[in-house]
Amino acid sequence: MCGIIGILSNEQVGGRIIDGLSRLEYRGYDSAGVATIDQRAIQRRRSEGKLQALRDILESDPISGTVGIGHTRWATHGLPTHQNAHPHATDRVAVVHNGIIENYQLLKNALINQGLVFQSETDTEVVVHLIDQALKAGKSPENAVRETIEKLEGAFALAIVFKDNPDLLIGTRRGSPLVLGINDDELFLGSDAWALAPWTKKVCYLEEGDTVIMQRGAEFTYEIYDAGNQIVKRPLKELNLAIGAANKGKYSHFMLKEIFEQPQTLSDTLLSLVDEQSKTIQIESPFDLSNKILRIRLISCGTSYYACLMAKYWFEKMAHILCEVDLASEFRYRDPVLNSDDICVFVSQSGETIDTLAALNLVKGMGCQTVAIVNVPESSLARAAHKHILTMAGPEIGVASTKAFTAQLMVLNILALQAAEFRKVMDKEAVLKHFTDLLHVPKQVSQVLQNVSEFDKLGLRLSQARDILFIGRGTNYPVALEGALKLKEISYIHAEAHAAGELKHGPIALIDKLTPLIAIAPNDAWFEKTASNIQEVSARGAPIFVLTDDHSFKVNAHEFQNICLPKSSSVGNCFIYTCAVQCIAYYTALHKGTDVDQPRNLAKSVTVE
Ligand code: AGP
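Let me sum up the structure you'll find in this document. Model, not experiment: these values are computed from the prediction.

**A closer look at the side chain of serine 348**
Now for step 1: With respect to the secondary-structure elements, serine 348 resides in strand S20 (residues 343-348).
Now for step 2: Engagement of the side chain of serine 348 in a polar contact is seen with the backbone nitrogen of serine 350, the distance being 3.5 Å.
Now for step 3: Setting aside residues up to four positions removed in sequence, serine 348 forms contacts with Ser304, Thr353, Ile373, Val374, Asn375, Leu381 and Gln408.

See below:
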């Protein structure tokens, strides 16, 4: 979602702001803009579409200045037009914003009644006018910002520059993330630390309600004020980000690179949790296993939600613990009944998903212990939870989550195994066998990736389809759901997934010759049942594609193909078949010619509701 960059320097900042914005492109956006202060004027350039369009404008119409702000906008209020692109500005002040001002209509009406004319349809523009009015009334920039944010409801991160104060940059946040970057002779603001990594190793994650006043005098200085306007010291962090991850290397897309990284990221995640030699779990359980655990709740959104659905099978079958899985956006508004001994686990790649964060805060407020499983160590979710466990997937740039998902599965499976072992549901032998199965997973995933030509061919075939159905049973059902989500996200083909046993209860009505069926059907405990469902679909004329390790499987269909995958254990299959559906989605999108890494309308980090 929207990305923010701010720089206060002795050097020209225009080009570097664009450079910083390019590292936020992965978040998803549909317009971009930049504003600097120079020669007592606000210089502003904006454009619809991708950053290249803004670069082209800047080339023919450059800007100058040593302080500035930039923005990639993911439209919420108003179309992704030039007029609605940030920064929004008056003659005195320019603002970029990530988040949603929920009471903007009320504020806007009041401003319109005072005779103000709005240039855009955005919620952000009220912020600009409120600051402007306060400045006009003689308030200092700091007080103008303070006074304004007191009037705002909703979530925001703001970066603000002032025409009459070219040595000043202000950042403030509530709900949306904002990071301060510090060098001796430069200060930065960014929506994430990743964007600042090439410029500084020293960062400070602003906390909820913080405002940072950054100034250039004989030295560069900053002061952070908390929500109660008290000066506070926030811890400085040393960044240790692998900048190389920002390159696609030999791959045509980040998504493909990230799919191929999975043997490594799965191994890294596994070995961060277990000792390979002794086949024991190394981490302390984030749950108090000695307490009688009655229920685990897993709460998340999107792909992370499917990781939780998979984990439900594991916690219940392996550890005999009742496990409830919730979409964070539903959970937070349905007055959930919680026991104080419920264990609540929040799963998120970004650690910034607003609904997941809000659900966590709700649960914390009700006195429950919270655990976050996240891929970004300094994310809001990691910092807000009582305990957190990191997935070791490394930065994920493609909007469609791949390696972060399988790393989440790995963490969740180990937690289920740990609980099963502690509760003696699995005996020593079963635990050792499970360990061995997990240790084989990275190699088996790399076997899937050794020959992607079948996925490529299938992708070409599927790229002609308008609708596609996925089915699976047991743990293959969340794989089917994830396959359908990946496919629609990046190829824009309508895809849905159903538990195979549910077909007869409705979805079978969708079957026709033009609707391919993709069945996730390893030869496991559910195979015979799924095979019958495949027969039922083929009898109704659908083209059938079966992902299976049973090479002899056959149905009588006018179009039929087995996609043969390596034989594995039940847990191994979850990873192998996930990798296969990721590849199918990738090659389908490739043949359709869509923007694989930054699909339309999607954002990597969903920081607004
Ligand atoms: C996955 O491909 C998605 N783009 C999306 O569903 C994502 O998983 C969801 O928004 C949750 O994000 P999170 O894991 O960062 O919380």
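Picking up after the structure, the text goes on.
**What about the packing of helix H14 (residues 428-450) against helix H18 (residues 570-592)?**
Now for step 1: Look at H14 against H18: their axes get within 8 Å of each other, and the N-to-C directions meet at 20°. Taken together, the axes of H14 and H18 lie roughly parallel to each other. With respect to the hand of their crossing, H14 and H18 are arranged in right-handed fashion. Contacts from His434, Asp437, Leu438, Val441, Gln444, Val445, Val448 and Leu449 of H14 reach H18 at Val571, Gly572, Phe575, Ile576, Cys579, Ala580 and Cys583.
Now for step 2: Among the residues forming the contact of H14 with H18, the class breakdown is 11 nonpolar, 3 polar and 1 charged.

**Here we look at the pairing of strand S18 (residues 295-300)**
Now for step 1: Buried residues dominate S18, accounting for 6 of its 6 residues.
Now for step 2: Judged by which residues are buried, S18 turns out to be covered on both faces: Arg295, Arg297 and Ile299 on one side and Ile296, Leu298 and Ser300 on the other are all buried.
Now for step 3: Looking at chain direction, S18 and strand S19 (residues 322-327) are connected through 6 bridges and run parallel. Bridge pairing in S19 places arginine 297 opposite glutamate 324.
Now for step 4: Following the backbone out of S18, through helix H9 (residues 302-319) and into the adjacent parallel S19, one traces a crossover that is right-handed.
Now for step 5: With 5 bridges connecting them, S18 and S20 associate as parallel partners.

**Some thoughts on the layout of surface pockets**
Now for step 1: Estimated volume of the second largest pocket: approximately 620 Å³.
Now for step 2: Looking at the second largest pocket, it is lined by 31 residues, and the ones nearest its centre are Cys301, Gly302, Thr303, Ala603 and Val606.
Now for step 3: If you list the elements that add at least two residues to the lining of the second largest pocket, you get H9, S20, helix H11 (354-365) and helix H16 (476-491).
Now for step 4: Here the lining of the second largest pocket gets 5 residues from one element, more than from any other, and that element is H9.
Now for step 5: Residue classes in the lining of the second largest pocket are distributed as 15 nonpolar, 11 polar and 5 charged.

**Considerations on a negative patch on the surface**
Now for step 1: Together, Glu11, Asp184, Asp185 and Glu219 give the surface a local cluster of negative charge.
Now for step 2: Relative accessible area serves as the criterion here: at 44%, aspartate 185 is assigned to the partly exposed category.

**A look at the packing of aromatic side chains**
Now for step 1: Applying the stated criterion across every chain, the model contains 7 aromatic pairs.
Now for step 2: Over the face of the ring belonging to tyrosine 29 we find lysine 50, whose NZ or CZ atom lies 4.7 Å from the ring centre.

**Some details on the site of the ligand**
Now for step 1: Close to the ligand lie 14 residues, the nearest being Ser304, Ser348, Gln349, Ser350 and Thr353.
Now for step 2: Note that an oxygen atom of the ligand is positioned 2.7 Å from one of the backbone N or O atoms of glutamine 349.
Now for step 3: At 3.2 Å from a nitrogen atom of the ligand is found a main-chain nitrogen or oxygen belonging to valine 399.
Now for step 4: Compared with its free state, where it exposes 410 Å², the ligand has 91% of that area covered by protein.
Now for step 5: Among the secondary structure elements, those contributing two or more residues to the shell around the ligand are H9 and H16.
Now for step 6: No other element matches the 3 residues that H9 contributes to the shell around the ligand.

Each value, and the rule that gives it
Residues numbered from 1 in each chain as written. Predicted model: local features only at pLDDT ≥ 70, side-chain atom pairs only at ≥ 80, totals over all residues. Heavy atoms only, no water. Helix = DSSP H or I, 4+ residues; strand = E, 2+ residues; numbered from the N terminus. Polar contact = N/O pair within 3.5 Å; in protein donor to acceptor, adjacent residues only side chain to side chain. Contact = heavy atoms within 4.5 Å. Axes fitted to C-alpha atoms, helices over the stretch in contact; angles between N-to-C directions. Parallel < 35°, antiparallel > 145°, perpendicular 65-115°, else oblique. Left-handed = near helix turned anticlockwise from the far one by under 90°. Nonpolar A, V, L, I, M, F, W, Y, C, P; charged D, E, K, R; others polar. Buried < 20%, exposed > 50% of the residue type's maximum accessible area, 1.4 Å probe, protein only. Pairing = 2+ DSSP bridges. Right-handed = clockwise from strand over helix to strand, strands pointing away. 1 Å grid on protein atoms, 1.4 Å probe; cavity = no way out; pocket = protein on both sides within 12 Å on 5 of 7 lines; lining within 4 Å. Points joined across faces, edges and corners; volume = space filled by probe spheres on them. Patch = residues over 30% accessible without salt bridge, like charges linked within 9 Å, V, L, I, M, F, W, Y side chains within 5 Å. Areas by Shrake-Rupley, 256 points an atom, 1.4 Å probe, with all protein chains shown as cover. Salt bridge = Lys/Arg side-chain N within 4 Å of Asp/Glu carboxyl O. Lys, Arg positive; Asp, Glu negative; His and termini not counted. Charge placed at Lys NZ, Arg CZ, Asp CG, Glu CD. Phe/Tyr/Trp six-rings, centres within 6.5 Å; stacked < 30°, edge-to-face > 60°. Lys NZ or Arg CZ within 6 Å of the ring centre and 35° of its normal. Near = heavy atom within 4 Å.

None of this, on its own, says anything about what the molecule does.
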